[in-house]
Amino acid sequence: MREPTFLILTVLAGGPRHGYGIIQEVTTLSAARVALLPGTLYTALDRLTAQGLVEPDHEEVVDGRLRRYYRLTSTGLDALRAETARLRQLTTAAETRLRALRPRTA
């Protein structure tokens, strides 16, 4: 799973969000390393919807503009859990090897 996808699913695990809210939270979660543009986000949301990982939740009009909210599906939650476990396993392996590189004190 690519990092932007992981971050989008992570944001939606906190509850339904509209596009701009997703963009803001992805930027915050990634410490500004990932900055989604609206076109990129909506392309990703269309793909994730087609894969059954997210779905539209509801719409509202704010200041004359339509906001569509998306939410994580149970399949999306399972995918996020699986990816989190995979990343945790890789992190543990990396940390183990890095510890082995530390100079040993006598």
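The structure reproduced in this document is the subject of the present report. All values derive from a computational prediction rather than experimental measurement.

### Examining the overall build of the protein
Line of reasoning, step 1. Scanning the protein from terminus to terminus reveals four helices and three strands.
Line of reasoning, step 2. Reading the secondary structure of the protein in the N-to-C direction produces α-β-α-α-β-β-α.
Line of reasoning, step 3. Its C-alpha radius of gyration of 17 Å places the protein more than 25% over the 13 Å reference for a compact globule of 106 residues.
Line of reasoning, step 4. Projected onto its principal axes, the C-alpha positions of the protein cover 70 × 25 × 20 Å.
Line of reasoning, step 5. For the protein, the residues scored as buried account for 28% of the 106 residues in total.
Line of reasoning, step 6. Excluding contacts between residues fewer than 6 apart, the proportion of contacts in the protein whose partners are at least 24 apart in sequence is 43%.
Line of reasoning, step 7. Positive and negative charge centroids in the protein, built from 15 and 11 side chains respectively, lie 12 Å apart.

### A short note on helix H3 (residues 38–50)
Line of reasoning, step 1. Here H3 contains 13 residues, and its C-alpha end-to-end distance of 18 Å stays within 8% of the 18 Å for a straight helix at 1.5 Å per residue.
Line of reasoning, step 2. Buried within H3 we find Leu41, Ala44, Leu45 and Leu48. Buried residues along H3 cover an arc of 100° about the axis, so they all sit on one side. Set apart from the buried face of H3 by more than 90 degrees, the exposed residues are Thr43, Asp46 and Ala50.
Line of reasoning, step 3. Here the buried face of H3 lies against helix H1 (3–12), helix H2 (19–29), strand S2 (54–62) and strand S3 (65–72).
Line of reasoning, step 4. Backbone geometry just downstream of H3 places Gly52 in the positive-phi region, at approximately 80°.

### Regarding the sheet that holds S2
Line of reasoning, step 1. The sheet built from three strands is open, its strands ordered S1-S3-S2 with antiparallel pairing. Edge positions in the open sheet fall to strand S1 (17–18) and S2, since each of these has one partner strand only.
Line of reasoning, step 2. Relative to S3, S1 is paired through two bridges, and the arrangement is antiparallel. Bridge assignment links Arg17 to a residue of S3, and that residue is Tyr70.
Line of reasoning, step 3. Sitting on the sheet, H1 touches S1, S2 and S3, and the angle it makes with S3 is about 95°.

Rules of the game
Residues numbered from 1 in each chain as written. Predicted model: local features only at pLDDT ≥ 70, side-chain atom pairs only at ≥ 80, totals over all residues. Heavy atoms only, no water. Helix = DSSP H or I, 4+ residues; strand = E, 2+ residues; numbered from the N terminus. Rg over C-alpha atoms; globule rule 2.2 N^0.38 Å. Buried < 20%, exposed > 50% of the residue type's maximum accessible area, 1.4 Å probe, protein only. Contact = heavy atoms within 4.5 Å. Lys, Arg positive; Asp, Glu negative; His and termini not counted. Charge placed at Lys NZ, Arg CZ, Asp CG, Glu CD. Expected span 1.5 Å × (residues − 1). Arc of directions from axis to C-beta. Pairing = 2+ DSSP bridges. Axes fitted to C-alpha atoms, helices over the stretch in contact; angles between N-to-C directions.

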